[in-house]
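# Coordinates in review
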Amino acid sequence: MFFFLSEHEPVLSALSMAWALYIAVLTGWIVMQKRAPAATLGWILSLALLPYIGFAIYYFLGPQRLRKNRSRRLRNQAHLFVQADITSLRKVVGAAPITMTQLARLGNSTCGIPVSTASELNLLVGGERTFDAIFEAIRQARHHVHLEYYVFEPDHTGTELQQLLIQKARQGVQVRLLVDALGSQRLGRGFMDPLTQAGVQVARFHDTRIGRRLRPVTNYRTHRKIVVCDGRVGFVGGINITDEENPRVRDDAYHDVHLRLEGSVVRWLQLTFLEDWTYTTGEATDGLMGTLPRLMPSIEAGTYPVQVLTSGPDNPLEAIHRLYVAGIDGATTRVWLTTPYFVPSESAMMALTSASLRGVDVRILLPRRSDSLVVSAAARSYYDELLVAGVRIYEYKSRMLHSKTLVIDDNCAFIGTANFDNRSFRLNYEVCAVVYGPALAIPLARQFETDMQSCAVVRANRRQPFLRRLGDATARLFSPLL
């Protein structure tokens, strides 16, 4: 026995030293990211149990600060019309609640986009109405069509849109299509070549192939859904280009909502798209300057106050996360949240429970079954704390619920691409529209009440099997990483 230990002692000593060095390097690397303590400890403890493999996991999937430069020239062009919007807004929202004014200021401070105006805004419920509206706007386009999507599938819906884009490109309309390389990974050459041959410019956001960057960015996706036609009509919301959201193709299509906008606010959706486009393609902003008056045309200010919010790993201020929390904190009568994925941060959880405890009507609408078992389990682990605080929780039964909306009192409504989870708040590139006043808050509240009719109420005294409770609690351990 002694001979065995002495014979292998140098090997064991070398392994121990290598292990200690591995832990020291990994810990230092993670700690220097200056993330939330819970997430930092979670990464350290999880990866320490995976010798060397853990290093690779963190290298590929761990948090990192990305740089995506803002275009000063594009932003200067977008700001040309800010004063006209401000003048118009003073006439229609002179007596706006102070909380709404502060929210707008917070949005501008965190993502650099001020409140603008819309001359028209239309809530689109379901894929059928949304696709009809988007396709019609594209048909009417005369100068350019810009699209950015997380999921673009080569299915019936995707092929129909592909043919329309080919038609517009052949008519001389400038068509740019930006898709996420991971979310739209099924788009092969057989689907893309006809687009490029017709003159459509196509780009893939954050290529997933190893070796494309010194450090891969596989974990950082554009989750945005943006359509801009001629700089005058824009769309934003939760609906992707896929049969899964098209009730004409599938009876079990996702239940989702979208927003159609007209007016000067569209230039901020345009700015978001163009910055993503130049970041992805490397195309110089100077190449766009000749057509900038057509990309961001002069439009008379409208009557609806709207603010576009953007967030992503390139901006540590987490604009959408902050405005969600600030809006909930400022609510006086109701907070009605709809989200398919619910993994709240500590601050978001505190805001929801505190609002309920001070008498605000807080309701959360979630899918009974989502397309992610782990995220659904993690969401259920928060139910008891919410219910104890008086929050009412509803589970949508009939189909997959994919809407991402928030109604604050009658004065503010959010609609966009961000889920109420850490991934949307911190890892994905997201976009949403905040409409101040009742123009969207009232119809969204009505839609919330309609959706409640297809829901089951989650009771505080519900019976749950032990294994399910254990699974939910275990999934919650991964909340900082989801």
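Further up the page is the structure itself.
A brief structural summary. The model shown is predicted, which means the values in this text are computed figures rather than measured ones.

## Quick look at unusual backbone geometry
You will see that H206, though not glycine, has its phi angle at about 50°, which is positive. Inspection of the secondary structure assignment puts H206 in the loop between β5 (201-205) and β6 (226-229). For D230, which is not glycine, the phi torsion reads 60° and is therefore positive. Note on placement: D230 falls in the loop between β6 and β7 (233-237).

## Quick notes on the sheet that holds strand β4 (residues 174-180)
Taken together, the 7 strands give an open sheet; going across it, the order is β2-β8-β7-β6-β3-β4-β5, and neighbouring strands pair in mixed fashion. Looking at which strands have only one partner, the edges of the open sheet turn out to be β2 (120-125) and β5. Each strand axis lies, on average, 10° off the axis of its neighbour in the sheet, ignoring direction. Across the sheet, helix α7 (residues 127-140) is in contact with β2, β3 (144-149), β6, β7 and β8 (257-262); its angle to β2 comes to roughly 135°.

## Observations regarding the side chain of H321
Relative to the assigned elements, H321 resides in helix α13 (residues 319-330). With a relative accessible area of 5%, H321 lands in the buried category.

## A word on the packing of α7 against helix α8 (residues 156-170)
Running from N to C, α7 and α8 cross one another at 15°; their axes reach a closest spacing of 10 Å. With respect to α8, the axis of α7 lies roughly parallel. Viewed along their axes, α7 and α8 form a crossing whose handedness is left-handed. Across the interface between the two elements, F131, F135, I138 and R139 from α7 touch T157, E160, L161, L164, L165 and K168 from α8.

## Brief notes about the state of the cysteines
Per the stated rule, a full pass over the model turns up 0 disulfides. C432 provides the cysteine sulfur closest to C111, a residue in no disulfide bond, and the two sulfurs are 8.6 Å apart. Judged by relative accessible area, which is 1%, C111 ranks as buried.

## Considerations on the packing of aromatic side chains
Within the structure shown, the criterion is met by 12 aromatic pairs. Grouping aromatic residues by their ring pairs yields a cluster made of Y324, F342, Y382, F414, F420 and F425. Over the aromatic face of W336 sits the side chain of R334, whose NZ or CZ is 4.6 Å from the ring centroid.

## Quick look at the packing of α8 against helix α9 (residues 189-198)
For the pair α8 and α9, interaxial distance at closest approach is 8 Å and the crossing angle is 15°. One element, α8, and the other, α9, form an angle in the roughly parallel class. Here the hand of the crossing between α8 and α9 comes out left-handed. For the pair α8 and α9, contact is made by G158, T159, Q162, L165, I166, A169 and R170 and by F191, P194, L195 and A198, respectively. Its residues placed into classes, the contact of α8 with α9 shows 7 nonpolar, 3 polar and 1 charged.

## So, the nonpolar core
Counting residues in each nonpolar core, the largest one holds 99 residues, and the members touching the most others are F342 and F414. The greatest single-element share of this core, amounting to 7 residues, is contributed by helix α10 (residues 266-281). Other than its neighbours up to four places away in sequence, F342 contacts L337, L352, I364, L366, V375, A379, Y382, L386 and F420. Counting residues in hydrophobic clusters, the runner-up holds 33 residues, among them A133, V173, L177 and A198.

## Some remarks on the sheet that holds strand β9 (residues 304-311)
Taken in spatial order, the 9 strands line up as β1-β9-β17-β15-β14-β10-β12-β13-β18 in an open sheet, and their pairing is mixed. Each end of this open sheet is capped by a strand with a single partner; those strands are β1 (116-118) and β18 (455-457). The average angle at which neighbouring strand axes cross in this sheet is 20°, direction not considered. Summarising the sheet, strand β13 (residues 392-396) and β18 pair through 3 bridges and their orientation is antiparallel.

Conventions used here
- The residue numbers shown here count from 1 along each chain, following its written sequence.
- It should be noted that, the model being predicted, local features are given only for residues of pLDDT at least 70 and side-chain atom pairs only at 80 or more, the latter also being counted only at that level, while totals for whole chains, interfaces and linings use all residues.
- With hydrogens and water set aside, each side-chain value is computed from the structure's full complement of heavy atoms.
- For the purposes of this entry, the term helix denotes a DSSP run of H or I that reaches at least four residues, the term strand denotes a run of E that reaches at least two, and both are numbered from the N terminus.
- The pairing criterion for strands is at least two bridges between them, as found by DSSP.
- In this analysis an axis means a line fitted to C-alpha atoms, helices contributing only their contacting stretch, and an angle means the value between N-to-C directions, from 0 to 180 degrees.
- When checking whether two residues touch, look at their non-hydrogen atoms; a contact exists if any pair is within 4.5 Å.
- The rule is simple: take the accessible area with a 1.4 Å probe, protein chains only, and divide by the maximum for that residue type; under 20% is buried, over 50% is exposed, in between is partly exposed.
- Each angle receives one of four descriptions, namely roughly parallel if under 35 degrees, roughly antiparallel if over 145, roughly perpendicular if within 65 to 115, and oblique otherwise.
- Left-handed is the label given to a crossing in which the near helix is rotated counterclockwise from the far helix by less than a right angle, and right-handed is the label when the rotation is clockwise.
- In plain terms, two cysteine sulfur atoms within 2.5 Å form what is called a disulfide here.
- Classification of ring pairs uses Phe, Tyr and Trp, with its six-membered ring standing for Trp, and accepts pairs whose centres are within 6.5 Å; under 30 degrees between planes counts as stacked, over 60 as edge-to-face, and the remaining range as tilted.
- Distance and angle both matter: a charge sits over a ring if NZ of Lys or CZ of Arg is within 6 Å of the ring centre and within 35 degrees of the ring normal.
- Each residue gets one of three labels, nonpolar for Ala, Val, Leu, Ile, Met, Phe, Trp, Tyr, Cys and Pro, charged for Asp, Glu, Lys and Arg, and polar for the others, Gly among them.
- By convention a nonpolar core is built from buried Ala, Val, Leu, Ile, Met, Phe, Trp, Tyr and Cys residues, the set being connected through side-chain atoms within 4.5 Å.

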